[in-house]
Amino acid sequence: MTSSVTSAQNSLMLVESARYALLRRLAFSIRHQMVAHLQPIGMVTELLERRLRAPSPDLVQVHDSVAKINGLSKAAAQDTLDVITWMAPEPGATAPMEEVIKDTVSLLRGNFSFRGFSLRGDVQEQPQPVGRAAARMLLPPALLALTDTLQGPAEVVIESRLGDDVVVVDLTVRPTEADGTFENQLSYRAIQWHEVKALAGAEDVELAYSEDRATLTFPVLE
């Protein structure tokens, strides 16, 4: 009994450690995405300030700027809340896999580009819902585990297909020609495959991987 309890505790510790490492790796990308949502508000605010400094401000233009700031603020608040769910997932939330892939590519594209990789999602329309937290928790670490040990530039492609009550996601690494100096610098430690496997087990997702390819199989949720 004690042995099984200890094993369960060790598995939980491994999952939590992997989640922490993943969030540390995603932190810069998450911060960048949150700031990007706020930049347009600052630009419109500066324009409004210039208009208000005019001897006779054009009230129509002022009203237009205020309306834009209001709209941008609401959009930024919603987008920021969505970004926060990478760190604090909503229990029971679902999403089409195509949406999760687009979100993942948007979040990681800059980081991958900085490290010498291009990240591309070949997304087809697939409205079947999967666990949003599970997909967000598995796609990034699998992508990182595939690329953390690469010694040269590459294209990383995400593709998805439907199976029997499942959505299958294939991640493929395709080496490319070096363009200038290549430096695969990590902002935090590398993600290991045994950690991705632990995360997959915690989320009831099947994982298969090799040196240049990984496959994740997500159950379709009703």
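The structure this text deals with has already been given above.
Described in the following lines is the structure provided in the data block. Not measured: the values here are computed from a predicted model.

## Observations concerning the side chain of Ser160
So, point 1. Turning to its location among the elements, Ser160 is positioned in strand β4 (residues 154-162).
So, point 2. The residues touching Ser160, leaving out its near neighbours within four places in the chain, are Met97, Ile101, Asp122, Gln124, Gln126, Val167, Val168 and Val169.

## Here we look at the packing of aromatic side chains
So, point 1. Under the defined criterion, the tally for this structure stands at 4 aromatic pairs.
So, point 2. When the centroid spacing of 4.3 Å and the interplanar angle of 5 degrees are considered together, the rings of Trp193 and Tyr209 count as stacked. Taken together, the residues span a long stretch of sequence, with Trp193 in helix α5 (residues 193-202) and Tyr209 in strand β6 (residues 206-209) at a distance of 16 residues.
So, point 3. Look at Trp193 and you get buried, because its relative accessible area is 16%.
So, point 4. Joined through ring pairs, the aromatic side chains of Phe112, Phe117 and Phe182 make up one cluster.
So, point 5. Seen from the ring of Phe112, Arg115 lies directly overhead, with NZ or CZ sitting 5.2 Å from the centre.

## A few points about the pattern of salt bridges
It is possible for side chains of opposite charge to pair when their charged atoms get near one another.
So, point 1. The full count for this structure, using the stated rule, is 15 salt bridges.
So, point 2. One salt bridge in this structure joins Asp103 and Arg136, with 3.4 Å as the shortest N-O distance. Remark: Arg136 occurs in helix α4 (residues 132-147) and Asp103 occurs in helix α3 (residues 97-114); sequence separation between them is 33 residues.
So, point 3. Owing to a relative accessible area of 4%, Arg136 belongs among the buried residues under this scheme.
So, point 4. Close ionic contact of Arg161 with Asp170 constitutes a salt bridge, the shortest N to O distance being 2.8 Å.
So, point 5. On the basis of relative accessibility, which here comes to 42%, the residue Arg161 falls in the partly exposed class.
So, point 6. Counted as one network, the salt bridges with shared partners bring together Asp82, Glu90, Asp103, Arg132 and Arg136.

How each quantity is defined
Sequence order sets the numbering: in each chain, residues are counted from 1 along the sequence as written. Confidence filtering applies because this is a predicted model: local features only for residues at pLDDT of at least 70, side-chain atom pairs given and counted only at 80 or more, and all residues used for totals across whole chains, interfaces and linings. The basis for every side-chain value is the complete set of non-hydrogen atoms in the structure, without hydrogens or water. A helix here means a DSSP run of H or I that spans at least four residues, while a strand means a run of E at least two residues long, and both kinds are numbered starting from the N terminus. Note on contacts: a residue pair qualifies if any of its non-hydrogen atoms lie within 4.5 Å across the two residues. Geometry of aromatic contacts follows a simple scheme: Phe, Tyr and Trp rings, the Trp one being its six-membered ring, pair when their centres are within 6.5 Å, and the pair is stacked under 30 degrees between planes, edge-to-face over 60, tilted otherwise. Burial classes: relative accessible area under 20% of the type maximum marks a residue as buried, over 50% as exposed, and values in between as partly exposed (1.4 Å probe, protein chains only). In this scheme, the term charge over a ring applies when either NZ of a lysine or CZ of an arginine sits within 6 Å of the ring centre and within 35 degrees of the ring normal. For salt bridges, the criterion is a side-chain nitrogen of Lys or Arg within 4 Å of an Asp or Glu carboxyl oxygen.

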